[in-house]
Amino acid sequence: MSQVPGLRRARQLTASVLPTRAADAYPSLAAGRLRKLGTAGSTGMLPFSGSGDGAIYFRDGKVIYAESDRTPGPAASAYKAYADGLPPLGRIMAVRAVTEPIIDAALELFTAQARHAKFRSARLPDVGLVSGIEVETLLAEIGRRQRLMKQISAVLTPDTVISRNPHPRSDSVRISAGQWALLIRVTHGSTPRNVAWDLGRSVFCTVTDAYRLLVLRLLLAAGQVPEHGLAVMSFVRAASLKKGDTMPVINARTAAEDTL
Amino acid sequence: MILNEAEAVLDPVADIEGFLLGCLVDASTGMILASRKDQGDISLPTAAAGAADIANVLSLLAGELPIDGLEDVMVTFRSQLYVIRLMSEDLDPNILLLVILDRARANLAMARREIRNFCVNFAA
């Protein structure tokens, strides 16, 4: 009779029959699935379930929407604002309001290693004029955000309990309106994720802002703080790539393309 | 490509003498929202990430020193000029404009004026 516990034995058997379910290789397999759907110009929905439920919606091979039950979705007005005639700055802000929740949800699905199910046709959400995000762009942005989260993960994750520091280090600190909104919503047992839901902001954005507030000693995180203090989060370090990786270049256009 | 029309907003910046690269960056997340590039050998992601880091580090000074908010940053390299400007003080999250210019061809004073005017018109 086998000495291997039943649950572990079941996992071993599952892994041998369904190699795509191996935990360590799963993100690259999911990325490969997205790439195939993009290349094929697919339209429909790729559902995810497991650690976090959600779905990624495709139209003609581009990602037009993503949702996760662990991240807030876009504001109801976001797509309407995007569709309306706006000045350039308003349009850029509308672009951000539409794309940030999509990328945030996709990041969560990949980070939580939710399992994707069979791609199927589905009624697509009404996203107005949004043309969609290229799969490679989305994957590159997810990779960049994961590297950034990894930098700070020893101190702060979306689910780390945070609290306001009753004894701030300095009398004079300048913070943004978004950081202030975050700060005043922190109560007993708050985490960046539930504050993000309160604010209707992306979880990633809330984590990065919370980390900045930790650096300013306006917030405290549960657990040990490194003796040498907190390092400033670096986007440049997150942009460092392994050979062969790509980085997100949204809306890039070269002079050569302009002349076509 | 996401949001094809977003890149067109950077057309006026691309007309600046010596223009090499321009992009709009979300200062909070470091995400590039739109970009224009006239030269292939500049790493847009690295340049944009650097601009966001510089702006974030300088914003830490704002509470410690008697300065009234960051307006723009100019970095001079031997062959290039980097101009980083906050699109608007009132935005949250703030959007940064990064413009990289060829130092041999650009007039920094004129370029800065054009970038400032662009930002004013951009928000109007």
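So, how was this worked out
Counting restarts for each chain, with residues numbered from 1 along the sequence as it is written. Each chain takes a letter, starting from A, and each ligand takes a number, starting from 1, following the order in which they are written. Per-residue local features are limited, in this predicted model, to residues with pLDDT of at least 70; the limit for side-chain atom pairs, both in listing and counting, is 80 or more; totals at the level of whole chains, interfaces and linings are taken over all residues. To obtain the side-chain values, all non-hydrogen atoms of the structure were used and water was disregarded. Labels follow the DSSP assignment, with helices taken as runs of H or I lasting at least four residues and strands as runs of E lasting at least two, numbered in each case from the N terminus. In this setup the radius of gyration rests on C-alpha atoms only. A globule is expected at 2.2 Å times the number of residues raised to 0.38. Partly exposed residues are those whose accessible area sits between 20% and 50% of the maximum for their type, while under 20% is buried and over 50% is exposed, using a 1.4 Å probe and protein chains only. The criterion used for residue contact is that any of the two residues' heavy atoms lie within 4.5 Å. Each accessible area is a Shrake-Rupley estimate made with a 1.4 Å probe; only the visible protein chains count as cover when residues are assessed. His is not counted here, nor are the chain ends, while Lys and Arg score as positive and Asp and Glu score as negative. By convention, the charge on Lys lies at NZ, on Arg at CZ, on Asp at CG and on Glu at CD. Any Phe, Tyr or Trp ring, taking Trp's six-membered ring, that has another such ring centre within 6.5 Å forms a pair; planes under 30 degrees apart are called stacked, those over 60 apart edge-to-face, and the others tilted. When two parts are brought into contact, each loses some accessible area as probed by a 1.4 Å sphere; the total of that loss over both is the buried area. We define a salt bridge as a contact between a side-chain nitrogen of Lys or Arg and a carboxyl oxygen of Asp or Glu at a distance within 4 Å. A 3.5 Å cut-off defines polar contacts: any pair of N or O atoms within that distance qualifies, except that in protein one atom must be a possible hydrogen donor and the other a possible acceptor, and neighbouring residues in sequence count only when both atoms are side-chain atoms. Basically, the charged four are Asp, Glu, Lys and Arg, the nonpolar ten are Ala, Val, Leu, Ile, Met, Phe, Trp, Tyr, Cys and Pro, and anything else, Gly included, counts as polar.

Chemist: Residues and numbers for the overall build of chain B, please.
Modeler: The number of helices and strands found in chain B is 3 helices and 5 strands. For chain B, whose C-alpha radius of gyration is 14 Å, the value lies close to the compact-globule estimate of 14 Å for 124 residues. The buried share of chain B, reckoned over its 124 residues, is 56%. When contacts within chain B are restricted to residue pairs at least 6 apart in sequence, long-range pairs at least 24 apart make up 51% of them. With the model as given, the accessible surface of chain B reaches about 5,300 Å², and the carbon-plus-sulfur share is 51%. Averaged over its 9 positive side-chain charges, chain B has a centre that lies 9 Å from the centre of its 18 negative ones.

Chemist: Residues and numbers for the packing of aromatic side chains, please.
Modeler: One pass over the structure, following the stated rule, counts 4 aromatic pairs over all chains. Taking the centre distance of 5.9 Å and the plane angle of 80 degrees together, the rings of F58 of chain A and F119 of chain A count as edge-to-face. Taken together, the residues span a long stretch of sequence, with F58 of chain A in strand β2 (residues 54-59) and F119 of chain A in the loop between β4 (115-116) and α5 (135-152) at a distance of 61 residues. Look at F58 of chain A and you get buried, because its relative accessible area is 0%. Judged by relative accessible area, which is 17%, F119 of chain A ranks as buried. Measuring from ring centre to ring centre gives 5.1 Å for F118 of chain B and F122 of chain B, while their planes differ by 40 degrees; the resulting arrangement is tilted. Taken as a pair, F118 of chain B and F122 of chain B lie in helix α3 (residues 108-123) at a separation of 4 residues, close to a single helical turn.

Chemist: Describe in detail the interface of chain B and chain A, supporting the description with residues and values.
Modeler: Each side of the interface is counted separately: chain B has 48 residues, and chain A has 50 residues. Summed over both partners, the interface of chain B with chain A comes to about 4,100 Å²; 59% of that surface belongs to carbon and sulfur atoms. Taken together, chain B and chain A are joined by 1 salt bridge. In this structure, the salt-bridge partner of D26 of chain B is R96 of chain A, at a minimum N-O distance of 2.3 Å. Summed over the shared surface of chain B and chain A, the result is 7 residue pairs in polar contact (both at pLDDT 80 or more). Looking at the side of chain B that touches chain A, the elements that each hand over two or more residues are β1 (19-26), β2 (32-37), α2 (44-62) and α3 of chain B. Top contributing element to the side of chain B that touches chain A by residue count: α2 of chain B, with 11 residues. Partitioning the side of chain B that touches chain A into residue classes produces 26 nonpolar, 11 polar and 11 charged.

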